[in-house]
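Chains, contacts and geometry: an overview
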Number of protein chains: 4
Amino acid sequence: MAPRRLQIACAGLGRMGARHALNLLNKTPRAQLVAAFTPEPSEIEWARRELEPSGVKLYTDYDEMLKHPGLEAVLIATVTTAHAEEAIKAIEADKHVLCEKPLSTNVDIAQSVVDAASRKPHLKVMCGFSRRFDASYREAHDHVTSGAIGRPAVFRSQTCDRLDPSGFFVAYAEFSGGIFVDCNIHDIDLALWFLGEDSVVKSVVATGVCAVQPELRKHKDVDNGVGIVEFWNGKIAYFFSSRMMAAGQHDMTEIVGTNGKLTVNANPVDSLVEMHETTGIRRTIPPDYWGRFQNAFVTEANEFTAACLDNTKLPVRLSSSVQALRIGCALQESLNTGKKIYYDEVGRRIEAAKL
Amino acid sequence: MAPRRLQIACAGLGRMGARHALNLLNKTPRAQLVAAFTPEPSEIEWARRELEPSGVKLYTDYDEMLKHPGLEAVLIATVTTAHAEEAIKAIEADKHVLCEKPLSTNVDIAQSVVDAASRKPHLKVMCGFSRRFDASYREAHDHVTSGAIGRPAVFRSQTCDRLDPSGFFVAYAEFSGGIFVDCNIHDIDLALWFLGEDSVVKSVVATGVCAVQPELRKHKDVDNGVGIVEFWNGKIAYFFSSRMMAAGQHDMTEIVGTNGKLTVNANPVDSLVEMHETTGIRRTIPPDYWGRFQNAFVTEANEFTAACLDNTKLPVRLSSSVQALRIGCALQESLNTGKKIYYDEVGRRIEAAKL
Amino acid sequence: MAPRRLQIACAGLGRMGARHALNLLNKTPRAQLVAAFTPEPSEIEWARRELEPSGVKLYTDYDEMLKHPGLEAVLIATVTTAHAEEAIKAIEADKHVLCEKPLSTNVDIAQSVVDAASRKPHLKVMCGFSRRFDASYREAHDHVTSGAIGRPAVFRSQTCDRLDPSGFFVAYAEFSGGIFVDCNIHDIDLALWFLGEDSVVKSVVATGVCAVQPELRKHKDVDNGVGIVEFWNGKIAYFFSSRMMAAGQHDMTEIVGTNGKLTVNANPVDSLVEMHETTGIRRTIPPDYWGRFQNAFVTEANEFTAACLDNTKLPVRLSSSVQALRIGCALQESLNTGKKIYYDEVGRRIEAAKL
Amino acid sequence: MAPRRLQIACAGLGRMGARHALNLLNKTPRAQLVAAFTPEPSEIEWARRELEPSGVKLYTDYDEMLKHPGLEAVLIATVTTAHAEEAIKAIEADKHVLCEKPLSTNVDIAQSVVDAASRKPHLKVMCGFSRRFDASYREAHDHVTSGAIGRPAVFRSQTCDRLDPSGFFVAYAEFSGGIFVDCNIHDIDLALWFLGEDSVVKSVVATGVCAVQPELRKHKDVDNGVGIVEFWNGKIAYFFSSRMMAAGQHDMTEIVGTNGKLTVNANPVDSLVEMHETTGIRRTIPPDYWGRFQNAFVTEANEFTAACLDNTKLPVRLSSSVQALRIGCALQESLNTGKKIYYDEVGRRIEAAKL
């Protein structure tokens, strides 16, 4: 008898959703993609061609999809504004949930997903912070856990996208929550993972510039941001995000400990080819985050599937994902007010005057 | 209706065979692994656990396996000495064949597979030179084809294994055909691919040393070999192979053209992590060829499958694989006689005196 | 007739002073080291052996040294607390001055040197920010000036020393001015150079931790510091300094522009050697700033000499050096108060409430 | 009293000679350049401007220069064809000699310099193999000597020049001795240094192509050469030389030992700058050997000077330089005859038939 496979649906078949659906179909042996949902006609068309022949039932109504016979789990990859509501509905329908990040750009709404999940402790509910599934980040985390660099003290991380001259990200900024919520949230999540998820924030400060897209200002956003987060346990994380890299995606991280330092992707590579030309030696780097992290998404799908089937612990805690969002929102606020934000030792916000 | 999948069997479930079988099972969406053969009880045991539950029928008799209902193709990953006979049987049974390299360590036997295949032109028969499926090698080949480095003139390539202190490769040398046939055959195959498969050999010369395993001498082999192949079209390829790398597998290639140079894996990396320690900055490299080329094997399985299903051209010509073997055997002979070997402009061997 | 050589003296023969003296003696063809001053008996002893035989007159009194017949210039490399007074005395004695950084840890005192110099416009007075003389930084600056990366928008720079387990830097912190004044002042100076020396500071914020030396707190210092400086022209600089690198000195900089990015020393190397070992591939990096910047100090001595002899423009403006100090002191203050510091568009400090 | 300085003359003020003269003048504190010789009017003109003002006496007659009062040593940097005769004259005039490589392109003539030197054992006579003075090569050699890589077994080294489209090197080939004698002689010298100067050659074989300059054939030369040298002690060296690099000078070496591997300049860099551009990440490399080895030439001048003044051992043995030439000439012969050349265990040439 063939091993049981997780009956899973994919909600959303846009850029990311389509990739998730194909991963579930072709690269997640223990999962069976049985259903997919999208309200978009063009995406349905794609799905008729790419998914339906493999036995995937297509839905244009999310609630209907949840009723698909035997469905056990849902991967949510719709627009961010829909994430929380769909996640809660799935939880209430007793489905495991893997939700693309972020749960929401609003902390309270994100928290409501956590609350819903906590009422169904038998379900596996996870926000998909893909970098936690990347082999290099895991190798680095193992080194840190093993004490290889002593006690980590300073954490630096950046999410830097290739310049998209179409100006796409200006329109996108209206709903993205801002560069610290959209980009650096990955770095913040990593900071919590590497410095300890129980680290309590002491202060948050950020600044930024609109170097290539002055229009971002109307959405209270920037195309380059720098922020610092200080924790009460004597650790610091600082972040950079940018929308104007020339060479491609350059997401990197370094963890400075008392006995050593680790870097992840300090030297980005797209392949093992180097070109010796009259202008020097050149290598290319991944054009986008998919080029950099596509294997991580496959691992994510497989590990989520295994956790559901085997009832084992998920690799990312949902509450940590909300904490990352909380910090991202504070950084974005600091960017916009120009003010540093302070917290007491139990994490309650305080005024500077009380320092 | 679900798309038709290639009904394929895997012959041999040893170290490589098991990997091939799992690739066909989990990472080759258009193939269906329906059968597997191995005469080894321990491998059968493994297969009962890992393959049978997914509907793979197990055989301990190769000929029986060939009769598996509906079988269309066979991947041969048994011991090298069995490759040719099994390949010919499969061809005669009208199956497509993907055979692990080399077809044989004997040129005439290898040629007999080509002859058998040529009698069944509707079949897809390919020798699995995995590096041709590696993304970096393909990127480099595309650059060369596009003229990025001008006319390629000098080709350097090496296959260097991590030292296996168990001495495994001494016993292995008895049947491997020698270091030029076992290791450098990959580099020779790449040389033909990059310099032109119609390149005619002008001379071959090789030497080597037993630096860590003097016992290799009894099998007419060495643990470090260097060889040069000169072609009549004014191009040169030179090779290095070693069994004693400290850091891991380091297979690399450089192609020197009249306008530039390309390197593939001049800077090996196992991940994107770098460690800053008191002794300096350190990175690790893949421990073995599987660590380096595992994605290439997946691509190989998928492309072979597609060629069978769609009746399209195979990416590697079988005759080229025999030509690579022919050159590898000549290098091994030169190593052992100490003499340079010469060929005329149509590729017939000649004596030095006739120069 | 031999070309005229600049008659120069070296004040201070400690670690740096001795190096400067030897550079002037052996590697600055157009300068002639004619005198040296130190109050330290052990340094005098060294100088009798290393300098006196080459005709260098030794002094234990700075004022006497200034009267050395024919003296034209003084290189000041004494303790920081003596820099300003000695520089002013030299200026008043009509000598050109090359003073080790910083002029002082106090902004007003540093400004008094600028004031003294401005009364003697025929003299060459420069603060020795060695990185401006480093070939790689100059290459990067040339690229930026030529427009290679578009408009620079974000500047990141770090000064990271190898951990000195002797705790030397704790005692040193008493007089160093703190990590932002002692270490990051180089990065701040570079920021002004790359972003424009007329950039007006809008805000300054910093934080830090004592990760390895809690005793630093009593000197209001840290062993790891992070700071952000925002300029009114829409540019940002952010800095990291550390006293606990494992591998060696790692000072690096990146300049992010609208069309590209430049890094200086993102991949530190001490030599062109790489070691392939069982633990991976390893390279070493310079142990200290001397190992990294020794050639820059030679260039500095030669260019200062040339400017004096040829009456040409100095490569570093004295007022810029004071501006770097001003920013460094503000970062150190922000570190200690925990507060962000704000400035108006003409650079006057303002309260946050006025934002 | 100032320390005594070596009274030295420079013969030849062409491209290399001028550099040597300036090194002796400005960067060799213990040497005093007192005289210079060149028959070339344009070089004399340059020397009047650059050397004479510093007290250097100019000669257009080599023999006259040797009579310069107090002269102790001569650096010979004239055309190769003059090296041996001038060296012998200097030796006979009782002067120390530092001669640019090679002593000659003819082994017997080179040997006559060794013979002359052996009659004056109190003199320091050295052939300037600059790479032995390079910091990275020395670091690598120290590692090998300390046993860091076990027993060295395979040595690979290349000398690769940037393509000079002027065709200069075609004319140059008439007198250079050929690519193995002109370029790879450095690599051969390094092989002897790293593998043991008492290593006895067992066989030599070489091949090559004219990829960009077919005219080289008339001078029995090529623009790309590959050669293998096998030693009786079970070690192998193999070489590559090229005149057509696109990116710049790329001279590199790797030493493969039983416990590890060392590379020197596997990753060439010209500076610490990296450029992130739309086409990827790029770095430049030195344009020529001077860019790569200029510091080595300074060290060479200083160490030769010290050996003369202090009567200490020279860092390079003269007989080793002749042995390197002998191997280079054999490789060039093998290139031209197409035949492998064999030697017995005491280094006498033998016929293949006697194998």
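Being a predicted model, the structure only gives us computed values, none of them experimental. (Residues numbered from 1 in each chain as written. Chains lettered and ligands numbered in written order. Predicted model: local features only at pLDDT ≥ 70, side-chain atom pairs only at ≥ 80, totals over all residues. Heavy atoms only, no water.)

Here's the deal with the packing of aromatic side chains
Applying the stated criterion across every chain yields a total of 30 aromatic pairs over all chains. Feature note: the residues Tyr238(A), Phe240(A), Tyr238(C) and Phe240(C) constitute an aromatic cluster, connected by ring pairs. For Lys202(A), the ring lying beneath its charged end belongs to Trp232(A), and the centroid distance is 4.7 Å. (Phe/Tyr/Trp six-rings, centres within 6.5 Å; stacked < 30°, edge-to-face > 60°. Lys NZ or Arg CZ within 6 Å of the ring centre and 35° of its normal.)

A closer look at the sheet that holds strand E2 (residues 31-37) of chain C
All names here are of chain C. Read across the open sheet, the six strands follow the order E3-E2-E1-E4-E5-E6; overall the sheet is parallel. Each of the sheet's edge strands pairs with one partner strand only, and the pair in question is strand E3 (57-59) and strand E6 (125-128). Adjacent strand axes in the sheet meet at a mean angle of 25° when their direction is disregarded. Bridging between strand E4 (residues 73-76) and strand E5 (residues 96-100) involves four bridges; their strand directions are parallel. Across the sheet, Leu-75 pairs through a bridge with Leu-98, a residue of E5. (Pairing = 2+ DSSP bridges. Helix = DSSP H or I, 4+ residues; strand = E, 2+ residues; numbered from the N terminus. Axes fitted to C-alpha atoms, helices over the stretch in contact; angles between N-to-C directions.)

Description of unusual backbone geometry
Residue Pro102(B) is reached from Lys101(B) by a cis peptide bond, and omega for that bond is -10°. Along the chain, Pro102(B) falls in the loop between strand E5 (96-100) and helix H5 (107-118). At Asn265(B), a residue that is not glycine, the phi angle is positive and equals roughly 70°. The topology assignment puts Asn265(B) in the loop between strand E12 (261-264) and strand E13 (273-277). Positive phi, normally seen in glycine, also occurs at Lys220(C), with a value near 55°. By the secondary structure assignment, Lys220(C) is in the loop between strand E8 (201-209) and strand E9 (224-231). The exposure class of Lys220(C) is exposed, given its relative accessible area of 53%. (Buried < 20%, exposed > 50% of the residue type's maximum accessible area, 1.4 Å probe, protein only.)

Considerations on the UniProt feature "domain: Gfo/Idh/MocA-like oxidoreductase N-terminal" (unreviewed entry) in chain A
Here, the residues flagged by UniProt with the feature "domain: Gfo/Idh/MocA-like oxidoreductase N-terminal" (unreviewed entry) are residues 7-126 of chain A. Annotated as 43% helix and 22% strand, the span residues 7-126 of chain A places its first and last C-alpha atoms 17 Å apart. (UniProt positions renumbered as here; feature names shortened; annotations may be inferred.)

Some details on the interface of chain A and chain C
The interface of chain A with chain C comprises 42 residues on the first partner and 42 residues on the second. Contact between chain A and chain C buries roughly 3,100 Å² in total, counting both sides, with carbon and sulfur atoms accounting for 65%. Where chain A meets chain C, there are zero salt bridges. Scanning the region where chain A abuts chain C turns up seven residue pairs in polar contact (both at pLDDT 80 or more). Residue assignment for the side of chain A that touches chain C shows that the elements contributing at least two residues are strand E7 (152-162), strand E8 (201-209), strand E9 (224-231), strand E10 (236-245) and strand E11 (252-257) of chain A. By residue class, the composition of the side of chain A that touches chain C is 20 nonpolar, 14 polar and eight charged. (Contact = heavy atoms within 4.5 Å. Buried area = accessible area lost by both parts, 1.4 Å probe. Salt bridge = Lys/Arg side-chain N within 4 Å of Asp/Glu carboxyl O. Polar contact = N/O pair within 3.5 Å; in protein donor to acceptor, adjacent residues only side chain to side chain. Nonpolar A, V, L, I, M, F, W, Y, C, P; charged D, E, K, R; others polar.)

Re the relation of the copies chain A and chain B
When chain A is fitted onto chain B, the two copies agree to an RMSD of 0.0 Å after a turn of 180° and an axial shift of 0.0 Å. Such values leave the two copies arranged in the relation of a two-fold axis. If distances are taken from each C-alpha of chain A to the rotation axis, the shortest is found for Lys27(A), at 3.1 Å. Taken together, the interface assignments show that 100% of the residues at the interface of chain A recur at the interface of chain B, consistent with an identical surface on both copies. (Least-squares fit on C-alpha atoms with pLDDT ≥ 70 in both.)

Looking at the interface of chain A and chain B
Contacts between the two partners involve 28 residues from chain A and, on the opposite side, 28 residues from chain B. For the chain A and chain B pair, buried surface summed over both sides reaches about 2,400 Å², with 51% attributable to carbon and sulfur atoms. Linking chain A to chain B there are zero salt bridges. Across the chain A-chain B interface, the total number found is 12 residue pairs in polar contact (both at pLDDT 80 or more).

Focus on the pairing of E9(A)
Residue and element names in this part refer to chain A. Of all eight residues making up E9, eight are buried, and the element is well covered by its neighbours. Burial along E9 is two-sided: the face carrying Asn-224, Val-226, Ile-228 and Glu-230 and the face carrying Gly-225, Gly-227, Val-229 and Phe-231 are both buried. Here E8 runs beside E9; their pairing, made up of eight bridges, is antiparallel. When the sheet's bridge partners are listed, Val-201 is paired in E9 with Phe-231.

A few points about the nonpolar core
All names here are of chain D. Counting residues in hydrophobic clusters, the biggest one holds 105 residues, and the most contacted among them are Leu-51 and Met-65. Here this core takes nine residues from helix H10 (residues 289-310), the largest share from any one element. Once residues within four sequence positions are removed from consideration, Leu-51 is found in contact with Leu-13, Ala-21, Leu-22, Leu-25, Leu-33, Ala-36, Trp-46 and Val-56. (Core = buried A, V, L, I, M, F, W, Y, C linked by side-chain atoms within 4.5 Å.)

Quick word on the domain arrangement of chain A
Residue and element names in this part refer to chain A. Annotation of chain A at the domain level lists domain 1 (6-128) and domain 2 (134-294 + 324-354). When each unit is reduced to the centre of its C-alpha atoms, the spacing between domain 1 and domain 2 is 27 Å. The interface is formed by 12 residues belonging to domain 1 together with 12 residues belonging to domain 2. Contact between domain 1 and domain 2 buries roughly 1,100 Å² in total, counting both sides, with carbon and sulfur atoms accounting for 63%. Lys-101 serves as the salt-bridge partner of Asp-182, at 3.7 Å between the closest nitrogen and oxygen. Here domain 1 is connected to domain 2 by one residue pair in polar contact (both at pLDDT 80 or more). When contributions to the side of domain 1 that touches domain 2 are tallied by element, the ones reaching two or more residues are helix H1 (15-26) and helix H5 (107-118). In terms of residue count, H1 provides more of the side of domain 1 that touches domain 2 than any other element does, four residues in total. (Domains from an automatic or database assignment.)

Remarks on the UniProt feature "domain: GFO/IDH/MocA-like oxidoreductase" (unreviewed entry) in chain A
If you check UniProt for "domain: GFO/IDH/MocA-like oxidoreductase" (unreviewed entry), the listed places come out as residues 137-262 of chain A in our numbering. Overall, residues 137-262 of chain A shows 27% helix and 37% strand. The separation of its end C-alpha atoms is 10 Å.

Focus on the environment of Ile179(A)
Residue and element names in this part refer to chain A. With respect to the helices and strands, Ile-179 occurs in helix H8 (residues 179-182). Exposure remark for Ile-179: the relative accessible area of 0% places this residue in the buried category. Along the chain, Ile-179 and Phe-169 lie 10 residues apart, while their C-alpha atoms are 9.9 Å from each other. When sequence neighbours within four positions are dropped, the list of residues in contact with Ile-179 reads Asn-184, Asp-221, Val-222, Asp-223, Asn-224, Gly-225, Ser-241, Ser-242, Arg-243 and Gln-332.

Some details on the relation of the copies chain A and chain C
Take chain A, turn it by 180°, move it 0.0 Å along the axis, and it overlays chain C with an RMSD of 0.0 Å. Same-surface contact between copies: 100% of interface residues of chain A are shared with the interface of chain C.

Thoughts on H5(B)
All names here are of chain B. Along its 12 residues, H5 runs 16 Å from first to last C-alpha, staying within 8% of the 16 Å computed at 1.5 Å per residue. Listed as buried for H5 are Val-107, Ala-110, Val-113, Val-114, Ala-116 and Ala-117. Where H5 begins, the capping side chain belongs to Asn-106, and its oxygen is found 2.8 Å from the backbone nitrogen of Asp-108. (Expected span 1.5 Å × (residues − 1).)

A closer look at the pattern of salt bridges
Per the stated rule, a full pass over the model turns up 92 salt bridges over all chains. Residue Glu50(B) pairs with Arg49(B) through a salt bridge whose shortest N-O separation is 4.0 Å. Residue Glu197(C) pairs with Arg132(C) through a salt bridge whose shortest N-O separation is 2.8 Å. Here the residue Glu197(C) occupies a position in the loop between helix H9 (184-195) and E8, and Arg132(C) occupies one in the loop between E6 and helix H6 (135-145), the gap between them amounting to 65 residues.

Some details on the side chain of Arg292(D)
Inspection of the secondary structure assignment puts Arg292(D) in helix H10. Note on Arg292(D): relative accessible area 11%, which makes it buried. Not counting chain neighbours up to four residues away, the residues in contact with Arg292(D) comprise Leu272(C), Asp134(D), Ser136(D), Tyr137(D), Val264(D), Asn265(D) and Pro286(D).

Points about the sheet that holds strand E6 (residues 125-128) of chain B
Residues and elements named next belong to chain B. Judged by pairing direction, the sheet is parallel, and its six strands sit side by side in the order E3-E2-E1-E4-E5-E6 without closing on themselves. Strands with a single pairing partner mark the edges of an open sheet, and in this sheet they are strand E3 (57-59) and E6. Averaged over all pairs of adjacent strands, the angle between strand axes in this sheet comes to 25°, irrespective of strand direction. Direction of pairing for E5 relative to E6: parallel, over a ladder of four bridges. Looking across to E6, one finds that Cys-99 is bridged to Cys-127. The strands touched by helix H4 (residues 80-92) are strand E1 (6-11), strand E2 (31-37), strand E4 (73-76), E5 and E6; relative to E5, the strand with the most contacts, the crossing angle is about 170°.

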